[in-house]
Number of protein chains: 2
Amino acid sequence: MSDPKRESHVAAVSEVLDPEGVARYVAARSHLARVVGTVIEVETFGEGKINAVFGVRGDRGSLVLKQALPWIRVLPNWALTVHRVEREAWFLESWADFNAAHVPKSYGYDDGAHTLAMEELTGYELWRTALHEGRVSAAAATGAGTMVARSAFHTSPFGRDAEAHARDVARSANPAMDQMMQDVVFDIPFTVDARNSTDPQLTRWREKVRADEAVLTRVAELRWCYGTRREALLHGDLHTGSVMVAGDQVRVIDGEFARYGPVAWDLGELWAHLVLARRSLDVRRPGESAPDLVSATWAGFTDELRAHWPERRAASLTDGWLEAWLEETRTLAVRFAGLELLRRMIGVGACEQLTMLEPDAREAVADDVLALAVHALKEGQWT
Amino acid sequence: MSDPKRESHVAAVSEVLDPEGVARYVAARSHLARVVGTVIEVETFGEGKINAVFGVRGDRGSLVLKQALPWIRVLPNWALTVHRVEREAWFLESWADFNAAHVPKSYGYDDGAHTLAMEELTGYELWRTALHEGRVSAAAATGAGTMVARSAFHTSPFGRDAEAHARDVARSANPAMDQMMQDVVFDIPFTVDARNSTDPQLTRWREKVRADEAVLTRVAELRWCYGTRREALLHGDLHTGSVMVAGDQVRVIDGEFARYGPVAWDLGELWAHLVLARRSLDVRRPGESAPDLVSATWAGFTDELRAHWPERRAASLTDGWLEAWLEETRTLAVRFAGLELLRRMIGVGACEQLTMLEPDAREAVADDVLALAVHALKEGQWT
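Just so it is clear, the structure is predicted and the values come from calculations on it, not from any experiment.

Scoring rules and cut-offs
- Residues numbered from 1 in each chain as written.
- Chains lettered and ligands numbered in written order.
- Predicted model: local features only at pLDDT ≥ 70, side-chain atom pairs only at ≥ 80, totals over all residues.
- Heavy atoms only, no water.
- Axes fitted to C-alpha atoms, helices over the stretch in contact; angles between N-to-C directions.
- Helix = DSSP H or I, 4+ residues; strand = E, 2+ residues; numbered from the N terminus.
- Left-handed = near helix turned anticlockwise from the far one by under 90°.
- Contact = heavy atoms within 4.5 Å.
- Nonpolar A, V, L, I, M, F, W, Y, C, P; charged D, E, K, R; others polar.
- Buried area = accessible area lost by both parts, 1.4 Å probe.
- Salt bridge = Lys/Arg side-chain N within 4 Å of Asp/Glu carboxyl O.
- Polar contact = N/O pair within 3.5 Å; in protein donor to acceptor, adjacent residues only side chain to side chain.
- Least-squares fit on C-alpha atoms with pLDDT ≥ 70 in both.
- Buried < 20%, exposed > 50% of the residue type's maximum accessible area, 1.4 Å probe, protein only.
- Arc of directions from axis to C-beta.

Okay, the packing of helix 7 (residues 162–171) of chain A against helix 8 (residues 175–187) of chain B next. Their axes nearest at 7 Å, the elements helix 7 of chain A and helix 8 of chain B cross at an angle of 145°. In the packing of helix 7 of chain A onto helix 8 of chain B, the handedness of the crossing is right-handed. Here A:Ala162, A:Glu163, A:Ala166 and A:Arg167 of helix 7 of chain A lie close against helix 8 of chain B, whose contacting residues are B:Pro175, B:Ala176, B:Asp178, B:Gln179 and B:Gln182. Here the residues of the contact of helix 7 of chain A with helix 8 of chain B are counted per class, giving four nonpolar, two polar and three charged.

Turning to the interface of chain B and chain A, a few remarks are in order. Residue-level contacts link 40 residues of chain B with 40 residues of chain A. For the pairing of chain B and chain A, the buried interface totals around 3,300 Å² over both sides, and the portion due to carbon and sulfur atoms is 67%. Of all residues in chain B, B:Trp224, B:Ser316 and B:Trp321 bury the most surface against chain A, accounting for 20% of the area lost on that side. Connecting chain B to chain A are zero salt bridges. Across the contact surface, chain B and chain A share 13 residue pairs in polar contact (both at pLDDT 80 or more). Elements that contribute at least two residues to the side of chain B that touches chain A include exactly helix 7 (162–171), helix 8, helix 10 (213–228) and helix 13 (319–346) of chain B. Of the residues belonging to the side of chain B that touches chain A, the class tally is 18 nonpolar, eleven polar and eleven charged.

Let us now look at the pattern of salt bridges. With the rule as written, the count across this model stands at 56 salt bridges over all chains. Residues joined in a network through salt bridges with shared partners are A:Glu41, A:Glu43, A:Arg57 and A:Glu120.

What follows concerns the relation of the copies chain B and chain A. Superposing chain B onto chain A takes a rotation of 180° combined with a translation of 0.0 Å along the rotation axis, leaving an RMSD of 0.0 Å. The operation mapping one copy onto its partner corresponds to a two-fold rotation axis. Here 100% of the contact residues of chain B are again contact residues in chain A; the copies associate through an equivalent surface.

Looking now at helix 9 (residues 200–210) of chain B. A turn of α-helix holds 3.6 residues, and therefore any two residues three or four places apart point the same way. All names here are of chain B. Burial in helix 9 covers these residues: Gln-201, Leu-202, Trp-205, Arg-206 and Val-209. Take helix 9 and look down its axis: the buried residues cluster within an arc of 135°, on one side only. Facing away from the buried side of helix 9, by more than 90 degrees, are the exposed residues Pro-200, Glu-207 and Lys-208. Among the structural elements, helix 10, helix 13 and helix 15 (359–379) are those in contact with the buried residues of helix 9.

Structure (structure tokens):
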């Protein structure tokens, strides 16, 4: 707490909550106390890398309380807007209209403490954990595709008048988080930056990627696309660590990167992590067959979008155009997936699916994944 | 004034200005009175189709005062947001930062009366008038290209950080005008709508266009592009009636459709009107040679953008990508130009460049322009 920049940020938050503070906070707010009753236990969830996240259990029920502080929880020297949790609240409430089965219930945002209270997803586990342990269900992937399709329809000019769409785009702006995502995804891995890892293997991969002009051109194209297209309200950070599953049920958490953007972004990020999980399983449990989660996601997405299509707002969006848009979206999603795979391998932050492998396996998988990533990024197709 | 909807709209405006009211309005505001001195004459400009526009001359100088009323001036039954002139003020002030030579000076917006006061462009004439009378200058077209390039650079992720760009996109939202433009350009001409003209020739052309599936697919694509891409702060209605010229000097007026959108939109709309003017001149003054204004615009645009390129914010936007973006933007602009030509022929509002021709010439030019428009829209190239 000796960083003066951080000290001045702290002043902007009414109270930095710890477990005891959380218990007092909940008890003092009748709409939250009604949910949990008398607080019995407050747990600090380690999963929240960016925000502090607490599980609150009482004699009547439970909830999750998330607090945004003006820095990244696991990187306290990296300053970050506290308004990110407000964006998450807007995201949860917007998606609840058409995706109620796919988001936790919101118990409301508090703009003094920058906290968001929401339903605890009892019985769910992180999709990442399930996949790592070999619980690979096509139904979950189909459900994730359905979920993305509903947002693609209901928040875009498919399902919204031009006027309402333009208003929502403005209202859901998330400038600081846009900047952070663009820095991390499009710039840092491809430029000389002190935040890049100095691991010799990562350095070797980075140099290989940076020498490929066709890769850099695609990265620039994707950067422009991410920064300028405002199709639908995205989750914005849809990896397998922000999706929870229970059998064939799927729910998303951690919507602080929510923004209007290209629909392909959510699909592509998810695909990258599904592919990584698959490769990791192939090494650790060779010979085990599993459903193709990428195809299952796409089937869920297209089926749901086509089911909504007859209700679209503008008659001048034709059937022929829908097919062209789907094709373009698939291509773009594969390119984004390739980019995300690259980022997870050469960018800021370790790639858990790789680092949790034994060194030998890691080397073999990494070369394979690197080749796959570059191909997906350049060609817009997996094979 | 018997329409009750209009009556209720009137209540939202503090005063509907007439020339006498304008004289009083200016005299009562010291920052405007300082510009003109004692008001001598107030003229009502007929050019403003959407808003009331007055020219105010005094013993010391002159200014233009524009008032938005809650309907379209020439179509009083068509309700329209009064906030459009506020958007125009934001546009003028934003463009003034990098395009000062291309916009009139703003003397400020008044959000009580929904008025915008600005410099009168003495010595300028409407580009449409100049072209109609055969004053065809490549320098003006080059200047228009330069002007669009400056906005394309300074208001987009070329010249703005991701965070600043996202904030400006939100701040400059223009939802009601977006809706109106989309209705007029993408829907009404291509669907059965009472606002379409019943002129038998127009009806014939409309039916021909509507039977062409490839045209309808492109219209849908362009609608999606216009509605979802937020590249740069556009003028938004850049036809030759909203550009004023004096020799090689070019300035834009009428920015009430200003919004973030695809850069190709401004280029394409301008090209459509330059092409129409050229075709009209070819018929009325056959054999007269003239410079190619479309090429001159493009040269002005690309030269200026390349000149700014080394100052771009993100190193990860590569040279190779710039060339790809320029190529895509040109193709898209030609498609938008084709769409605009179609709209001017089959949509709401007469096409002056055609209706001012003699009936025989009109028929011949129209068939020719229709073919050109459909080709440009489908192929993304002129020939």
